[in-house]
Amino acid sequence: MAVFVTRRIPAEGLRVLSQAGGCRVQQWDSEEPVPRAELLAGVAGKDGLLCLLSDRIDREVLEAAGPGLKVISTMSVGFDHLALEEIKKRGIRVGYTPDVLTDATAELSVALLLSACRRLPEAVEQVKNGGWTTWKPLWMCGYGLSDSTVGIIGLGRIGQAVARRLKPFGVKKFLYTGSSPKPESGAEFEAEFVPLTRLAEESDFVVVTCALTPATQGMCNKDFFTRMKKTSVFVNTSSDSATHRECHICHKKHHGSTGSQQPPGWATRGGHAP
């Protein structure tokens with residue numbers, strides 16, 4: 001069996017492949033994504049493909065691989081980079097790695113939220129640039145989580161892990177939205193299932209943890225951001241690039257230029273507050 005690996009992966013994973021009986025491994029041995037031309041050439045004639053979320057596995061790649069491709073494994077929780085319908089037509093098996101990054105993603109989501117609401121990047125920059133002189137009662141105070149309302153878009157594994165970590169901060173109310181209510185999951189946090197519009201209007205903090213699907217893509221659009229409080233904090237750990245563009249445009253227009261455009265897994269905040 002011949003396998004193409006699209007990136008440098010942990011040695012243990014490569015060892016498992018190499019030690020599998022009759023498995024011949026070809027690897028793009030780099031920390032950087034495999035160029036498209038190299039991907040198309042590397043997958044040709046292979047039985048298996050081990051890819052990452054940065055690799056777009058579409059019809060072109062499947063045709064380049066040929067009819068012998070039997071399995072695709074992606075080292076990611078998400079799988080929106082895979083052309084699932086095309087893959088299904090060819091009878092190719094798909095593997096992915098759910099739940100391996102739940103805790104890490106939740107912790108980073110909370111870190112981003114605290115960083116934005118307490119204005120840590122701005123404060124650090126001021127210290128570096130000599131802007132800090134002495135303590136000032138109203139300087140760089142930001143907002144607190146105590147008695148706040150937190151809205152979570154997608155109360156799945158990661159959404160629940162985020163809520164579990166935020167609850168001890170004294171959050172007053174958790175709101176959540178998704179494809180359907182999850183009373184058992186929400187009970188732990190006394191979370192209320194609400195429409196997306198209400199979540200936007202009432203939340204002091206919004207955390208997006210839902211999977212990227214045709215149903216969720218672009219759900220945080222211009223209308224969503226215009227409904228948000230000007231002082232709210234928005235944290236996105238999903239992979240919807242359309243949300244990023246809408247957020248940057250609407251945030252700057254309606255809340256001022258206190259946030260910044262960043263890649264997936266980032267936070268932005270509204271106007272300053274004492």
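(A) Quick peek at the pattern of salt bridges. Enumeration according to the criterion identifies 19 salt bridges in this entry. When the shortest N-O distance is used, the salt bridge between R198 and E202 registers 2.8 Å. Taken together, the residues span about one helical turn, with R198 and E202 both in helix α9 (residues 196–202) at a distance of four residues. The structure contains a network of salt bridges with shared partners spanning R36, R56, D58 and E60.

(B) How the structure looks around the side chain of R7. The topology assignment puts R7 in the loop between β1 (2–5) and α1 (11–19). The buried charged residue R7 lacks any salt bridge partner; its closest oppositely charged side chain belongs to D55, at an N-O distance of 4.8 Å. For R7, the side chain forms a polar contact with the main-chain oxygen of E31, separated by 3.0 Å. Other than its neighbours up to four places away in sequence, R7 contacts Q27, W28, S30, E31, E32, P33, V34, L52 and S54.

(C) Structural view of the nonpolar core. Grouped together as the largest cluster of nonpolar side chains are 22 residues, with contacts concentrated most on L113, L145, V150, L166, F174 and F205. Every element with two or more residues in this core is listed here: α5 (102–117), β6 (149–153), α7 (157–166), β7 (173–177), β9 (205–208) and β10 (233–236). The greatest single-element share of this core, amounting to five residues, is contributed by α5. Those residues in contact with L113, other than ones at most four positions away along the chain, are L145, L166, F205, V207, V233 and V235. Judged by nonpolar contacts, the second largest core, of 15 residues, contains V34, V43, L49 and L82.

(D) Here's a closer look at the pairing of strand β2 (residues 24–27). Relative to β2, β1 is paired through four bridges, and the arrangement is parallel. When the bridges of β2 are listed, V3 appears paired with V25.

What counts and what doesn't
- Residues numbered from 1 in each chain as written.
- Predicted model: local features only at pLDDT ≥ 70, side-chain atom pairs only at ≥ 80, totals over all residues.
- Heavy atoms only, no water.
- Salt bridge = Lys/Arg side-chain N within 4 Å of Asp/Glu carboxyl O.
- Helix = DSSP H or I, 4+ residues; strand = E, 2+ residues; numbered from the N terminus.
- Buried < 20%, exposed > 50% of the residue type's maximum accessible area, 1.4 Å probe, protein only.
- Lys, Arg positive; Asp, Glu negative; His and termini not counted.
- Polar contact = N/O pair within 3.5 Å; in protein donor to acceptor, adjacent residues only side chain to side chain.
- Contact = heavy atoms within 4.5 Å.
- Core = buried A, V, L, I, M, F, W, Y, C linked by side-chain atoms within 4.5 Å.
- Pairing = 2+ DSSP bridges.

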